[in-house]
Amino acid sequence: MQGILLLMTLFPLAFLAAAMLSGSRRGPAIAALSNAVSIAILAYAALSSGGTLSISESFSYITTIPISFSLRLNPASFMLLIMSYIVLLAASVAGNHEKESQKLAASLIILLQVAATGLFLSGNLFLYFIFWDIGVITSFFFLYSMGSPLRRPAAMKFLIYEMFASVLLLLGIITLYFGTPVHSFNIAYITANAALIGTTSQLLVFAFLITAFLINMGIFPLHFWLPDAYTEASTQGSMVLSAVLSKFGAFGVFILFAMLPIGAEAAKYTAALGAISAFYAAFLMFNHKDIKRMISYSSILEMGIILIGLSTLNVIGTYGAVYAMLAHGLTIALMFLAAGSLTHVFGTRDIRTLAGAVSRAKSTAYSFVFAAFSATGLPLTTGFIADLLIFIGAYAAFGFSGIVPLLSIVMLGAYMYFIIEKSILSTRKESEVITHASASQAFGYALLIGSILLFGILPFTLLGFVKI
Amino acid sequence: MDYAIAGYVMIALMALFPAGAIASLFVKRKKAWFSASALILAAIAAVSLTLFALHASLTLLQVFRFYPFSELVVALFASMLLAVDVLAYEYSSDFITFSAFFGFSIAGMLLVAMSNSLITIFIGLELMGVPTIFMILTHGRTHTEAAIKLFVLSALAIAVLAFAIALIMPYDPSLSITGLSTSSLVGGSSVILLSMVLFAVAFSTEAAVFPFNMWVPDVYEGAPGHITAMLAGINKKVAFVAMIEVFFAMFLYSGYNFQPIFALLAIATMFFGNLVALVQQNVKRMMAYSSISQTGYILVGIAASTEFGLTASIFYIVAHSIMIIGAFSVIVWLAGKNLRTVNEYSGLWSKNPIAAFALTIFMLSMIGVPPLIGFIGKFLLFSSAVSANLLYLAFLGIINSVISVYYYGRVMLSMYSDRRPTRRIRMAGAVAAVVIILLVATIAIGIFPGPLMHASALAANSVMLGS
């Protein structure tokens, strides 16, 4: 059906209007419904594509400079979209424990849904940039308006880093446009004709774009905004920032390596950077007693692993990385959701005072434990499939040194299980008070845990579309 | 079809302003003057747009020239003047006196836009500048300093401009732009080069290009708000129009390369405006510096000195007029409520959400965030720089965009902080209408930039054709 991708990108605007016009208490329901509809449309599009999962559409947009509104669905964007919708759905239903600014939060979630849809579907770099910036500004307001009292400096830092990334992205796109033989923003066209672009301009473009993407992903040494932003944001904010926004850059790296041949020469450096970033985060994590900060560093670690996967440049590693993006999104969202709930119940983010959490908030504590399983790549979770594919790919590409970064995941696991044992699951500080998770929270946990298991046990539901 | 009639109608409508200005000294009816001037401005915009749509091109009385570029900017000026007129009607302490001077100013602006002769440009700039000084003066003694500064600087600019024109004179005494472009400016004469530099200096002073911008912050801050909006939104753009007419229609056609001059000016202006804006507390003053930096972005397109660059500059001239007048409409209104500094803006969101939202959008647009008009403008500008092999200029431009995030961000953050419920403050209906119309334009043109891009390209093309 022609126009289905356009519909998918633009229909949430109707929900946005509804969320802005209706009362505060309806906000979460409207945002959830909007994402549920997106999932339905995405499923329909997948079924109607005839088993290939690739659809492309193009509409005329600007004619003075040839820019068309071209959208394309492919297996990678499908995986990221489904992850984004699930996370946004869970965040809008379960993420707002404090019930503060529900209307604003719902509007921002829907805007982020538009941004994610447009970005993952964009068939040309101009649209990619537009949706990128919509996502960044939306996240900024998310971070700025809700969260801890220290959120404002964090928001400003976030904005400056991300705007720097976005202008580098813009400059890279413009340079690339004038580098192509027939000036074009179309990703498919550029990919097909990239060999004709001069080495110098390829190098320039690559430098601009990779810097922008690495800032967004939060790779060392461009990650300094990340721990503050993730930590000080509200639960919903941390969920959407870490799960959805960080994938903008990762997806960009995915496109970039596929697009420019010079990526082949740069890949070993980006892989090394990914490894350094992963170990750096693993070491720093040991220092932190703040549960959200710890999760932030685990996110930097995972993004490093994803970068390694993308840098392998072989199909297994690359799609392993895309699968890892899906896994990371679902896992980190669950982790932040549970951590946010613990923080809400106990009134602190300090791991030491969360001791005995299991006796007081059982389902939340076990959800956190489950998220830790997935983060460390336990079989039957998505994390396992992702790590497996990435390191097979890395071994193929870089030999034995390719699997060294696996150690960082071991370190992550060591620390995670250590704090789970010492703090969350420890029973030495039994609590009299028992807090039951509300129905909406239970739904959030169930949705995320269910998705992690589904895509962990049945990876071929998604990976079947990729010829590995 | 004979467009000459429409052309004469435009000239007649323009002439109505000085005539009306003199008459206004005898008929003291505020409403009547407002509605008359608003109607005439709307008529000028309508006629001009019609001519633009018909791609009309003609020269009248030797000194007036109607071609897509002039038609586009006349339409822009007329509609922006309408917005300023509304602001003045609301905020001016003595609207009748204001409109007397305003009438002369309007005639000057339109004259520059329609001119085909260096002499009309000269007269137009003078006619625009001098009444502005008196407009500021009539608002009381507190504004004297601003007025004097503006006076000295515009006197200087005019003197330099006169000298530049005098240097050109021997080559073609008619001083007609189209004539000069085709006839005689051949060869690398150092006299022409000097004249070119002097033109650049004169227009730079009017357009507030570093290092000729020292008057801007004091005047912008000292002048009453609606006049500041006019200075930033229109007067400055008139100088750019004159600059484009002289440099693109005249010098470029004769094969003179002015790229280095404007590249240098662009870099200095962007950095100066943005860096100084970082430390400002007074929002009006901050916007003055921000508008200096925005001037630098417009210069990026001029520095590219290609048709694409000119297209980008024209687009951004339109975009910046819309954004800055919109932003100043809000800022003037707040200044009237005694809210002037960044800290005093705190909690604006709860006091008047629409104003806070509008100011946020205007500022995001000035940063260059899609899908807003400012983004498309910057996108075109930096693209034109890259396509003219000025990658470094584009790079410095984007660095500046990032710097600007900080100070715009501060204002935006301040507006949304402090969510305690407070007493609402209301905006006058007419001002709110101006703000909302400009807001809608900022968003709508950002999402559907096609028509304006096409119009700018057409206008640029008509300038580059020479005649």
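Residues numbered from 1 in each chain as written. Chains lettered and ligands numbered in written order. Predicted model: local features only at pLDDT ≥ 70, side-chain atom pairs only at ≥ 80, totals over all residues. Heavy atoms only, no water.

1. Some thoughts on the interface of chain B and chain A
The test is simple: Here a residue-residue contact requires only that any non-hydrogen atoms of the pair lie within 4.5 Å. Reported buried area values correspond to the accessible surface (1.4 Å probe) lost by two parts on association, with both partners' losses combined. By convention in these notes, a salt bridge is any Lys or Arg side-chain nitrogen within 4 Å of a carboxyl oxygen on Asp or Glu. A 3.5 Å cut-off defines polar contacts: any pair of N or O atoms within that distance qualifies, except that in protein one atom must be a possible hydrogen donor and the other a possible acceptor, and neighbouring residues in sequence count only when both atoms are side-chain atoms. Each helix is a run of H or I in the DSSP string that is no shorter than four residues. Each strand is a run of E no shorter than two, and both are numbered from the N terminus. Each residue gets one label: Ala, Val, Leu, Ile, Met, Phe, Trp, Tyr, Cys and Pro are nonpolar, Asp, Glu, Lys and Arg are charged, and the others, such as Gly, are polar.
Chain B puts 40 residues into the contact, and the matching count from chain A is 33 residues. Taking both sides of the interface into account, the surface hidden between chain B and chain A amounts to around 2900 Å²; carbon and sulfur atoms contribute 87%. Between chain B and chain A we count zero salt bridges in total. Along the contact surface separating chain B from chain A lie two residue pairs in polar contact (both at pLDDT 80 or more). Looking at the side of chain B that touches chain A, the elements with two or more residues in it are α15 (353-367), α16 (373-387), α17 (391-416), α18 (429-447) and α19 (450-464) of chain B. Sorting elements by how many residues they give to the side of chain B that touches chain A places α17(B) first, with 14 residues. Along the lines of polarity and charge, the residues of the side of chain B that touches chain A split into 26 nonpolar, eleven polar and three charged.

2. So, the pattern of salt bridges
All names here are of chain B. Quick note on the threshold: Here the term buried applies to any residue with accessible area under 20% of the maximum for its type, exposed to any over 50%, and partly exposed to those in between, with areas from a 1.4 Å probe on protein chains only.
For the coordinates displayed, the defined rule picks out eight salt bridges over all chains. Here Asp218 and Arg285 are joined by a salt bridge, their closest N and O atoms 3.3 Å apart. Pair noted here: Asp218 is in helix α9 (residues 215-222) and Arg285 is in helix α12 (residues 283-304), with a separation of 67 residues, a long-range link. With relative accessibility at 25%, the residue Asp218 sits in the partly exposed group. Close ionic contact of Glu221 with Arg285 constitutes a salt bridge, the shortest N to O distance being 2.6 Å. Of this pair, Glu221 sits in helix α9 while Arg285 sits in helix α12; the two residues are 64 residues apart in sequence, bridging distant segments of the chain. Using a relative accessible area of 31% as the deciding quantity, one classes Glu221 as partly exposed.

3. Examining the domain arrangement of chain B
Residues and elements named next belong to chain B. So the rule is basically this: Boundaries of every domain are those given by an automatic assignment or by a domain database.
The domain boundaries assigned to chain B delineate domain 1 (1-256) and domain 2 (257-467). The straight-line distance from the C-alpha centre of domain 1 to that of domain 2 is 21 Å. With 55 residues of domain 1 in contact, the opposing surface of domain 2 contributes 49 residues. Considering only the side of domain 1, the residues that lose the most area to domain 2 are Tyr91, Phe210 and Phe248, jointly responsible for 14% of the buried surface there. At the surface where domain 1 touches domain 2, the tally comes to eleven residue pairs in polar contact (both at pLDDT 80 or more). Of all the secondary structure elements, the ones that give two or more residues to the side of domain 1 that touches domain 2 are α3 (68-91), α7 (177-182), α8 (190-207), α9 and α10 (225-251). Here the element with the most residues in the side of domain 1 that touches domain 2 is α10; it accounts for 16 residues. Taken together, the residues that form the side of domain 1 that touches domain 2 break down as 39 nonpolar, ten polar and six charged.

4. Description of helix α7 (residues 151-179) of chain A
Using the following cut-off: In a helix, the anticipated span is given by 1.5 Å times the number of residues less one.
The end-to-end C-alpha distance of α7(A), which contains 29 residues, comes to 41 Å, matching closely the 42 Å that a straight helix rising 1.5 Å per residue would cover. By the criterion of burial, α7(A) is predominantly enclosed, with 22 of the 29 residues buried.

5. A look at helix α13 (residues 291-311) of chain A
Residues and elements named next belong to chain A. Over its 21 residues, α13 extends 30 Å from the first C-alpha to the last, a length consistent with the 30 Å expected when each residue adds 1.5 Å. Across the 21 residues that make up α13, a large majority, 21, are buried. Its side-chain oxygen at 2.9 Å from the backbone nitrogen of Lys292, Asp290 defines the N-terminal cap of α13. Once α13 finishes, Leu313 follows within two positions and takes phi at roughly 65°, a positive value.

6. As for the environment of B:Met412
All names here are of chain B. Checked against the element boundaries, Met412 lands in helix α17. Look at Met412 and you get buried, because its relative accessible area is 1%. Along the sequence, Met412 and Val342 sit 70 residues apart, while their C-alpha atoms lie 9.0 Å from each other. Sequence-distant contacts of Met412, that is, excluding residues within four places in its chain, are made with Thr360, Met363, Leu364 and Ile367.

7. Structural notes on the packing of aromatic side chains
For clarity, the cut-off: Paired rings are identified among Phe, Tyr and Trp, the last through its six-membered ring, by centres lying within 6.5 Å, and are further divided according to the angle between planes into stacked (under 30 degrees), edge-to-face (over 60) and tilted (the rest). Whether a charge sits over a ring comes down to the Lys NZ or Arg CZ being within 6 Å of the ring centre and within 35 degrees of the ring normal.
Using the criterion set out here, one finds 49 aromatic pairs over all chains in the structure. With a centroid separation of 5.9 Å and an interplanar angle of 50°, the aromatic rings of A:Phe126 and A:Phe185 are classed as tilted. One end of the pair, A:Phe126, is in helix α6 (residues 125-145); the other, A:Phe185, is in the loop between α7 and α8 (187-193), and 59 residues separate them in sequence. Each of the two residues, A:Phe126 as well as A:Phe185, counts as buried. Both rings, one in B:Phe375 and one in B:Phe379, keep their centres 5.9 Å apart while their planes meet at 35°; by these two values the pair is tilted. Note that B:Phe375 and B:Phe379 are positioned in helix α16 at a spacing of four residues, about one turn of the helix. Take B:Phe375 and B:Phe379: they sit in the same class, and that class is buried. A connected cluster of aromatic rings, assembled from ring pairs, spans A:Phe120, A:Tyr128, A:Trp132, A:Phe213, A:Phe248, A:Phe251, A:Phe254 and A:Tyr319. Here the basic side chain of B:Lys30 rests over the ring of B:Tyr89, its NZ or CZ set 4.9 Å away from the ring centre. Across the ring face of B:Tyr67, the terminal group of B:Arg65 is positioned such that the distance to the ring centre comes to 3.7 Å.

8. Observations concerning the packing of helix α4 (residues 75-94) of chain A against helix α5 (residues 102-121) of chain A
Residue and element names in this part refer to chain A. Where we set the bar: Lines fitted to C-alpha atoms define the axes, with helix axes restricted to the stretch in contact, and inter-axis angles between N-to-C directions lie between 0 and 180 degrees. Oblique is the label for any angle not covered by the other classes, which are roughly parallel (under 35 degrees), roughly antiparallel (over 145) and roughly perpendicular (65 to 115).
The contact between α4 and α5 brings their axes to 10 Å, and the two run at 175°. Judged by the inter-axis angle, α4 sits roughly antiparallel to α5. Residue-level contacts link Ser77, Leu80, Leu81, Ser84, Tyr85, Leu88, Ala91 and Ser92 of α4 to Ile109, Leu112, Gln113, Ala116, Thr117, Phe120 and Leu121 of α5.

9. So, empty space enclosed by the protein
Residue and element names in this part refer to chain B. What counts, and what does not: Cavities and pockets are defined on a 1 Å grid built over the protein atoms alone: a cavity is a set of grid points where a 1.4 Å probe fits but cannot escape, while a pocket is an open set with protein on both sides within 12 Å along at least five of seven lines, and lining residues are those with an atom within 4 Å of any such point. Grid points are joined across faces, edges and corners, and a volume is the space filled by probe spheres set on the points.
Scanning the model with the defined rule gives five cavities of 30 Å³ or more in all. Estimated volume of the largest cavity: approximately 120 Å³. Taken together, Met128, Gly129, Thr132, Leu150, Leu153, Ser154, Ala157, Thr205, Glu206, Trp215, Leu231 and Asn235 form the lining of the largest cavity. Among the secondary structure elements, those contributing two or more residues to the lining of the largest cavity are α5 (118-137), α6 (144-168), α8 and α10.

10. Section: a nonpolar patch on the surface
Residue and element names in this part refer to chain A. We count it as follows: Residues form patches when they are more than 30% accessible in relative terms and have no salt bridge. Like charges link within 9 Å. Nonpolar side chains (Val, Leu, Ile, Met, Phe, Trp, Tyr) link within 5 Å. All accessible-area figures derive from a Shrake-Rupley calculation using a 1.4 Å probe, and residue coverage is judged against the displayed protein chains alone.
Taken together, the side chains of Leu380, Leu453, Leu454, Ile457, Leu458 and Phe460 present a nonpolar region at the surface, about 530 Å² in accessible area. Considering each element in turn, the nonpolar patch owes the most residues, three residues, to helix α19 (residues 439-457). Inspection of the secondary structure puts Ile457 in helix α19. When its relative accessible area of 44% is taken as the criterion, Ile457 is described as partly exposed.

11. Details of the layout of surface pockets
There is about 1900 Å³ of room inside the largest pocket. Along its surface, the largest pocket is lined by 50 residues, and A:Leu16, A:Met20, A:Leu111, B:Phe357 and B:Ile361 are the ones closest to its centre. Going through the elements one at a time, α1 (4-10), α2 (12-21), β1 (55-62), α5 and α6 of chain A together with α14 (348-351), α15 and α18 of chain B are the ones with two or more residues in the lining of the largest pocket. By residue number, the principal contributor to the lining of the largest pocket is α6(A), which donates nine residues. In the lining of the largest pocket, the residues fall into 40 nonpolar, seven polar and three charged.

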